[in-house]
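Fold and contact review
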Amino acid sequence: MIGGSINKNGLLKVRATRIGQDTALAQIVRLVEEAQGSKAPVQRLADRVAAVFVPAVIIIAIATFLFWYLVGFDLFGNMPAPRFIFSLTAFISVLVIACPCALGLATPTAIMVGTGKGAENGILIKNGEALERAGNVQVIVFDKTGTLTKGEPDVTDLMPIDGSENELLFLAASIEKGSEHPLAKAIVRRAEHMKVDIESPIDFQNLPGRGVKATVGGSIVLLGNRTLMNESKIATDAHEADIQSIEEKGRTAMLLAKDSRLIGIIGVADVVKPTSAEAIAELKRMNIEVVMLTGDNRRTAAVIAKELGIDRVLAEVLPEDKAKEIAKLQTEGKVVAMVGDGINDAPALVKADVGIAIGSGTDVAIESGSIVLIKNDLKDVVAAIQLSKRTMRKIRQNLFWAFGYNTAGIPLAAGLIFPFFNVLLPPIIAAGAMALSSVSVVSNAALLKRYTPEIKREGKR
Ligand SMILES: [Mg+2]
């Protein structure tokens, strides 16, 4: 039951399974808030610098006071203030202008805007660390089923031997109507999509391991594999090449016979998501190595990998070995990201430097990933990396500005310009400069709001 549901007639009984803090929305809000409050590793660098910076500034301020009070004051004639006041003014100016608040703001402001920007684009970043690491990823490992592919079969081939495509679909969908089998659902869905009217089958028989049999429109119809056709003495030899061409692509070939004659072949397979190839191509352009990791058999994996342009394939990997494969890549000294949707991907998502979970995937995967893609679109993997790079660039700019103000300001405040202009930087101007550095750092971070990841821009390539 989703918002906007309409009850046309009758009585609806609705049970709320999750309320308040447990709803998906509340969880998303919490994830984003946690990320915004978390420290990125680069922040720890800023903290370390600040720990040295503060005592250094105090020492410089004291040295400034002592210099002017004991030596400097006597070097020049016509001083604008008494000895003690003059020395104290320089001391205060140094302390004020060196205030490292811009340094403290540089990272958190950018992380906050960056994670918010991610959420806006359907990319939930759970912590600052994930946001920082995403930009440094060197290898991305993709799960196959449900991540690169849709995770459910679709009709890929319609080969009528006798009659039209619509006739073939009409018979196949009618006989499979009501079946819960994923292959059957794929056929019915295609028929509905092509607006083919479906009949209800009579004398429906499920023949396990072979297919189905029923009467549709007065004819006996069979739908299944070679074994079913052979058992019913229906010749398939003349069309063996077509059947094999489907099977070579890692698809399932379903044969349809009507009144003891083969009238068509339907290919069904789990197909790749429409944007997967574009995302992979973009990652390769960004010099990121792409690997496919799947429990599926080598042949199917190879077909999908070839379609998407993935060169490195690890197939027939047991669920418990997926994390080990990630660890193996990490021992090569690489920063590894894992993208997955299933329960079997969860350990690999945690093991990877950056775990990216598909939002339509299982709860366990979502819990294990440090980045969650709400839309089922792999282009968001690219967008997350681009956003990370841009945010890190902002942080570096911010740190530069924060340090820049301080290092440029301290000598001025200490009285370096006095010998030339006979004035000392007044503390009030020092305070203004100090505040301006914070303003410039915050405004620079806010500029990130206007950023759109390159792959999401209109008319891109
Ligand atoms: Mg999967």
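Residues numbered from 1 in each chain as written. Predicted model: local features only at pLDDT ≥ 70, side-chain atom pairs only at ≥ 80, totals over all residues.

On to the overall build of the protein chain, then. When its secondary structure is counted, the protein chain shows 18 helices and 13 strands. In summary, the protein chain has a C-alpha radius of gyration of 33 Å against a globular reference of 23 Å for 461 residues, an excess of more than 25%. Here the C-alpha coordinates of the protein chain stretch approximately 115 × 55 × 40 Å along the principal axes. Residues counted as buried form 42% of the 461 residues belonging to the protein chain. (Helix = DSSP H or I, 4+ residues; strand = E, 2+ residues; numbered from the N terminus. Rg over C-alpha atoms; globule rule 2.2 N^0.38 Å. Buried ≥ 20, exposed ≤ 12 C-beta atoms within 10 Å, placed from the backbone.)

Attention shifts here to unusual backbone geometry. Positive phi is not limited to glycine here, since Lys 195 has a value of about 55 degrees. Relative to the elements of secondary structure, Lys 195 occurs in the loop between α8 (182-193) and β4 (202-207). Take Lys 195: there are 7 C-beta atoms within 10 Å of it, and that puts it in the exposed class. Its identity is not glycine, yet Asp 203 carries a phi of approximately 55 degrees, on the positive side.

Close contact between helix α4 (residues 101-120) and helix α16 (residues 379-414) brings their axes to 8 Å; oriented N to C, the two are set at 160 degrees. As the angle between them shows, α4 and α16 are arranged roughly antiparallel. α16 is crossed by α4, and the crossing has right-handed handedness. Seen from α4, the contacting residues are Ala 102, Leu 103, Ala 106, Thr 107, Ala 110, Ile 111, Gly 114, Lys 117 and Gly 118; seen from α16, they are Ala 384, Leu 387, Thr 391, Lys 394, Ile 395, Asn 398, Leu 399, Trp 401, Ala 402 and Tyr 405. (Axes fitted to C-alpha atoms, helices over the stretch in contact; angles between N-to-C directions. Parallel < 35°, antiparallel > 145°, perpendicular 65-115°, else oblique. Left-handed = near helix turned anticlockwise from the far one by under 90°. Contact = placed C-beta atoms within 7 Å.)

In spatial order, the strands read β3-β8-β7-β6-β5-β4; together these six strands make up an open sheet with antiparallel pairing. Each having just a single partner strand, β3 (149-160) and β4 make up the two edges of the open sheet. Within this sheet the neighbouring strands show an average axis-to-axis angle of 20 degrees, counted without direction. The pairing of β4 with strand β5 (residues 211-216) spans four bridges and is classified as antiparallel. Residue pairing for β5: Gln 205 is matched across the bridge by Lys 213. Contacts between α8 and the sheet are confined to β3, β7 (252-258) and β8 (261-272), with β3 contributing the most and set at about 65 degrees to the helix. (Pairing = 2+ DSSP bridges.)

Attention shifts here to the domain arrangement of the protein chain. Accessible area lost upon the coming together of the parts serves often as the stated size of an interface. According to the domain assignment, the protein chain contains domain 1 (41-112 + 386-456), domain 2 (126-149 + 274-379) and domain 3 (152-271). With centres defined by C-alpha atoms, the gap from domain 1 to domain 2 works out at 44 Å. Between domain 1 and domain 2, the contact holds nine residues from the first and eight residues from the second. Those elements that place two or more of their residues in the side of domain 1 that touches domain 2 are α2 (41-75) and α16. Residue contributions to the side of domain 1 that touches domain 2 peak at four residues, all from α16. Classifying every residue of the side of domain 1 that touches domain 2 gives five nonpolar, three polar and one charged. (Domains from an automatic or database assignment. Nonpolar A, V, L, I, M, F, W, Y, C, P; charged D, E, K, R; others polar.)

Next up on the list: helix α18 (residues 427-446). Taking 1.5 Å of rise per residue, 20 residues should cover 28 Å, and α18 covers 29 Å from first to last C-alpha, within 8% of that figure. Those residues of α18 that fall on the buried side of the exposure criterion are Pro 427, Ala 430, Ala 433, Met 434, Ser 437, Ser 438, Val 441 and Ala 445. Down the axis of α18, the buried side of the element spans an arc of 135 degrees, and every buried residue falls inside it. Facing away from the buried side of α18 by more than 90 degrees, the exposed set consists of Ile 428, Val 439 and Ser 443. Here the buried face of α18 lies against α3 (83-97), α4 and α16. (Expected span 1.5 Å × (residues − 1). Arc of directions from axis to C-beta.)

Assignment of secondary structure puts Lys 249 in the loop between α10 (240-248) and β7. Look at Lys 249 and you get partly exposed, because 18 C-beta atoms sit within 10 Å. A sequence separation of 123 residues divides Lys 249 from Val 372, and the C-alpha atoms of the two residues are 31 Å apart.

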